Every structure is written in C-alpha cells, then in structure tokens.
Amino acid sequence: MSAPDENGTYSVTPDQSTTLGDHPTPGVRPVFDHGAIPDLAALIVGSLTPDLATCIDDWEYFSHTLLGTFVFCLPAGLLTLLIFRSVGAALVSTLPNPHRDVLLPLSAGSPGYGPRVVLSLLIGSWIHIAWDLLTHDHSWLVQRVPFLAARFAGMPVNHLVWWVSSAAGTGLVAFVYLSRWKARYPERAGSSSSADRRAYALWALILLLPLLGAFPLAIHDVKEVSFTASLVRPGSM
C-alpha cells in the first residue's frame, strides 16, 4: 500500500498481493485475471438470474431448468452484468470511505464477455438451481429423499440447510470484507469526515426506502390471511 495522498486516501499498487486478513496470497489476482478461475462478478450475477423470472408469468419454473439457464438466465445475466459494469463504479464512488476505497477496484470487474464470463454466469445459475433442490419444499430432491423432509429441532432439514447456509454465507462475506478493509486500510478504520457522514446518511435513506414501501404490503398480507382464516374457521359460517 502506498503512502496517503493530500486527501488522506491510501491506494494499492497494481502488483500488490491479494490478502485475506493478515495472510498474503501472492498470485491470486494474476491467476484470477488470466482466467484460471471463474469471473467473480459473473458468478454472483449468474447465481441471481433464475429468480429474475419471478416477475414474468409462467417463467419462474422454466428459468430453474437446464434449458432455462441457456434461454433465460444467460441473456438476463449478460444484460445485468452490462448494467453493473456501466454504473457500478459511479454508485460505489458515492459510498463513504473506507468502503469506497475497498470496493472501487472491484466495481468494474474484468473486461469482455468471452467464454470465461459466459461459463461463470452458467455455473452461478446451476449452483442456484442445485441449492434450490436441497432447500425448497417443492423440489424433486426434497420430495424423494426422506431425510431432507424430516424434522430436526422442530424444523424441516431442508429449511435448516437453507437458514444455516444463508447465515454462514453472510458471515463469510462479512468476514472477508472486514478482513480486506482492515488489512489494506488500517489507518482509516476509525476516521470519518463530514462528507463520509453525509454519504452514510444518504445510503441509510436509500436502504430504508424499500423497507418503508414493503411495510404497507406486509400489513395488507397479514390482514388478508387473517380474514381468510376467519372464513374457514369452524363455526365462523
């Protein structure tokens, strides 16, 4: 890491090794950039694409099939990746530091849309479908493997796998992110300028708006379920 500039920003030299916590991993980024492993951004986008069909009538099931990964998930993933690469850096630049400095080098992703990106998108969508087979009640696997439908600690095993894997994945992402932050920018870990505080307030508002919009819908759904239950309750007629 180079010395801070006049704004107090720390930059990483191009040949600096990728780190996880305090442990350097030399050569990881060169191997990544030369295509020896999947494109990370495309892999993440691909893992989301099967569920993008939920807003299209009768397409959600199709997007979770092998043919659907080629016909729907791949084109949708390429479009999503194009949008991400077009606006990602601009959005990240509005984040407060040190998050901005950590994420800006990652926001552009690797250039091009060649076979590596296409394969990464498909692998991401296949991983999504495979995990749905393990966790969703209506999946072919859960309906045919008694262990997955059995109950453990009052919860179906497939639901338990779903919750544990989600919590573990979220924890791993948070750990890697915080390790990257502290390893590369230890001097900035406790600093916060007025511009950064405004940026925190802006993003808090942005993240709060969807919750405010979803709250009336949740209340409506609860009332609707309660009303339906009152109609079918014995003695309510």
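Scroll up to find the structure this text is about.
The numbering scheme is per chain: residues are counted from 1 as the chain's sequence reads. Local features are withheld for residues below a pLDDT of 70 in this predicted model, meaning they are given only at 70 or higher, and side-chain atom pairs are given and counted only at 80 or more; totals for whole chains, interfaces and linings count all residues. In computing side-chain properties, one takes all heavy atoms of the structure into account and sets aside hydrogens as well as water.

## Some points on a nonpolar patch on the surface
Then step 1. Residues I56, W59, L66, L67, F70, V71, L119 and W126 make up a contiguous nonpolar surface patch of roughly 740 Å² in combined accessible area.
Then step 2. Contributions of two or more residues to the nonpolar patch are made by α4 (66-92) and α6 (115-135).
Then step 3. Each helix is a run of H or I in the DSSP string that is no shorter than four residues. Each strand is a run of E no shorter than two, and both are numbered from the N terminus. When residues of the nonpolar patch are assigned to their parent elements, the largest contribution, four residues, is made by α4.
Then step 4. Looking at the secondary structure, you find L67 in helix α4. Residues enter a patch when their relative accessible area is above 30% and they make no salt bridge; the linking distance is 9 Å between like charges and 5 Å between nonpolar side chains (Val, Leu, Ile, Met, Phe, Trp, Tyr). To measure how exposed things are, a 1.4 Å probe is used in the Shrake-Rupley method; for residues, cover is taken only from the protein chains shown. Salt-bridge detection follows one rule: a side-chain nitrogen of Lys or Arg within 4 Å of a carboxyl oxygen of Asp or Glu.

## Observations regarding the environment of N97
Then step 1. When you line up the elements, N97 lands in the loop between α4 and α5 (99-107).
Then step 2. Between buried and exposed lies partly exposed: a residue is buried under 20% and exposed over 50% of the maximum accessible area for its type, with that area taken using a 1.4 Å probe on protein chains only. Looking at N97, the relative accessible area reads 4%, which means it is buried.
Then step 3. Sequence-wise, N97 and S193 are 96 residues apart; in three dimensions their C-alpha atoms are separated by 8.6 Å.

## Concerning the packing of aromatic side chains
Then step 1. Any pair of Phe, Tyr and Trp rings, taking the six-membered ring for Trp, is counted once the centres come within 6.5 Å. Such a pair is stacked with planes under 30 degrees apart, edge-to-face with planes over 60 apart, and tilted for the rest. Scanning the model with the defined rule gives three aromatic pairs in all.
Then step 2. Taken together, a centroid distance of 5.5 Å and an interplanar angle of 90 degrees make the contact between W59 and F62 edge-to-face.
Then step 3. Residue W59 is classed as partly exposed on the basis of its relative accessible area, which comes to 33%.
Then step 4. Their ring planes at 55 degrees and their centres at 5.8 Å tell us that W59 and F72 sit as a pair that is tilted. Taken as a pair, W59 in the loop between α2 (40-48) and α3 (60-63) and F72 in helix α4 lie far apart in primary sequence, 13 residues in all.
Then step 5. Residue F72 is classed as buried on the basis of its relative accessible area, which comes to 12%.
Then step 6. Among the aromatic side chains, those forming a connected cluster through ring pairs are W59, F62 and F72.
Then step 7. Criterion for a charge above a ring: Arg CZ or Lys NZ at most 6 Å from the ring centre, at most 35 degrees from the ring normal. One cation-aromatic arrangement involves R85 over Y113; the distance from NZ or CZ to the ring centre is 4.8 Å.

## So, unusual backbone geometry
Then step 1. For the peptide bond that leads from N97 to P98, omega is 10 degrees, which places it in the cis range.
Then step 2. Of note in this structure, A153 is not a glycine but carries a positive phi near 55 degrees.
Then step 3. Looking at the element boundaries, A153 is found in the loop between β3 (151-152) and β4 (155-156).
Then step 4. For A153, a relative accessible area of 77% puts it in the exposed group.

## Quick look at the side chain of S63
Then step 1. Note that S63 resides in helix α3.
Then step 2. Among the polar contacts listed, one links the side chain of S63 to the backbone oxygen of P50, at a separation of 2.7 Å. Residues adjacent in sequence count toward polar contacts only when both atoms are side-chain atoms; beyond that, a polar contact is any pair of N or O atoms within 3.5 Å, and within protein one must be able to donate a hydrogen and the other to accept it.

## Describing the nonpolar core
Then step 1. A41, A42, V45, L74, L81, V117, L121 and L122 form the largest nonpolar core, which has eight residues in total.
Then step 2. Note on definitions: a residue-residue contact is assigned when non-hydrogen atoms from the two residues lie within 4.5 Å. Ignoring sequence-local partners within four residues, the contact set of A41 consists of L81 and F84. Take the buried Ala, Val, Leu, Ile, Met, Phe, Trp, Tyr and Cys residues and link them wherever side-chain atoms come within 4.5 Å; each set so joined is a nonpolar core.

So far we have only geometry, and geometry alone does not tell us how the molecule works.
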